[in-house]
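Working through the structure, step by step
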Amino acid sequence: CYVLIHRRDGRDVAGDGSAPLPIRVVPDEIRPLKESGFLYGYKLVATPATPAALAYTLKRYGTMSLAQVLAPAIELADFGHVLMPNLERIVITYAPSIRENEFLANLLLKGGSDPWPPGHVYCQPVLAETLRRLAAHGVEDFYSGRIADEIATDMAANGGYVSRLDLARVRIMERSPVRGDYR
């Protein structure tokens, strides 16, 4: 997650929330996956940095609390939304791959097997609960609290590399924006 901020005083700031590679990654396990075109799954997950980047930016430059900013997302996750037609097509196209992941299958496919009809309202109660927890306990919970424990446990159970240590090491850097001219 990269954040570009143009301040009222004219100054520009870039927030670098690059997702760091987990410490225990074994390149010889990753290379064949990449070469085969298999580009998803637990082994290919980088350490998530987006929550840290967004929370850092909000705390340093924002005018609202994390809870205020998360409220609309929590509502959407609780009460759902209809997928845009292009996303419906993606679900239909990738349904065979989606079926391979129980969580995604139950989230995106009717009965975990077939795409829902157009107009289906998708709710995400697990996401809503995670966002509520972030709103109540802050992003630190994601990197060193209960959410970090849940991520590390899930990754370990499914052959992923992201650990509690990786989560604790996430740091957001401010950088000077890259500038250029077009034509």
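Before reading further, recall that the structure is shown in the block above.
Here the structure is a predicted model, which means the values were calculated and not measured. (Residues numbered from 1 in each chain as written. Predicted model: local features only at pLDDT ≥ 70, side-chain atom pairs only at ≥ 80, totals over all residues. Heavy atoms only, no water.)

Compared with the 16 Å implied by 1.5 Å per residue over 12 residues, the 16 Å span of helix H2 (residues 50–61) between its first and last C-alpha is a close match. Along H2, the residues that are buried comprise Ala52, Ala53, Ala55, Thr57, Leu58 and Tyr61. (Helix = DSSP H or I, 4+ residues; strand = E, 2+ residues; numbered from the N terminus. Expected span 1.5 Å × (residues − 1). Buried < 20%, exposed > 50% of the residue type's maximum accessible area, 1.4 Å probe, protein only.)

Structurally, alanine 46 is set in the loop between helix H1 (27–36) and H2. Note: C-alpha distance between alanine 46 and alanine 19 (27 residues apart in sequence) is 5.8 Å. Contacts of alanine 46, omitting those with residues within four sequence positions, involve Ala19, Pro20, Pro22 and Val162. (Contact = heavy atoms within 4.5 Å.)

What follows covers the nonpolar core. Counting residues in each nonpolar core, the largest one holds 19 residues, and the members touching the most others are Leu134, Phe142, Tyr143, Ile151, Leu167 and Val170. Elements represented by at least two residues in this core include exactly H2, helix H3 (66–79), helix H7 (125–137), helix H8 (140–144) and helix H9 (146–157). Core analysis: the next-biggest nonpolar cluster, separate from the first, contains 8 residues, Leu83, Val91, Ile98 and Leu109 among them. (Core = buried A, V, L, I, M, F, W, Y, C linked by side-chain atoms within 4.5 Å.)

With that settled, the discussion passes to the packing of H3 against H7. Interhelical geometry of H3 versus H7 gives an angle of 165° and a closest axis separation of 9 Å. Taken together, the axes of H3 and H7 lie roughly antiparallel to each other. Considering how the two elements wind past one another, H3 and H7 form a crossing that is left-handed. Residue-level inspection shows Leu66, Ala67, Leu70, Ala73, Ile74, Ala77 and Asp78 of H3 in contact with H7, the latter providing Pro125, Leu127, Ala128, Leu131, Arg132, Leu134 and Ala135. (Axes fitted to C-alpha atoms, helices over the stretch in contact; angles between N-to-C directions. Parallel < 35°, antiparallel > 145°, perpendicular 65-115°, else oblique. Left-handed = near helix turned anticlockwise from the far one by under 90°.)

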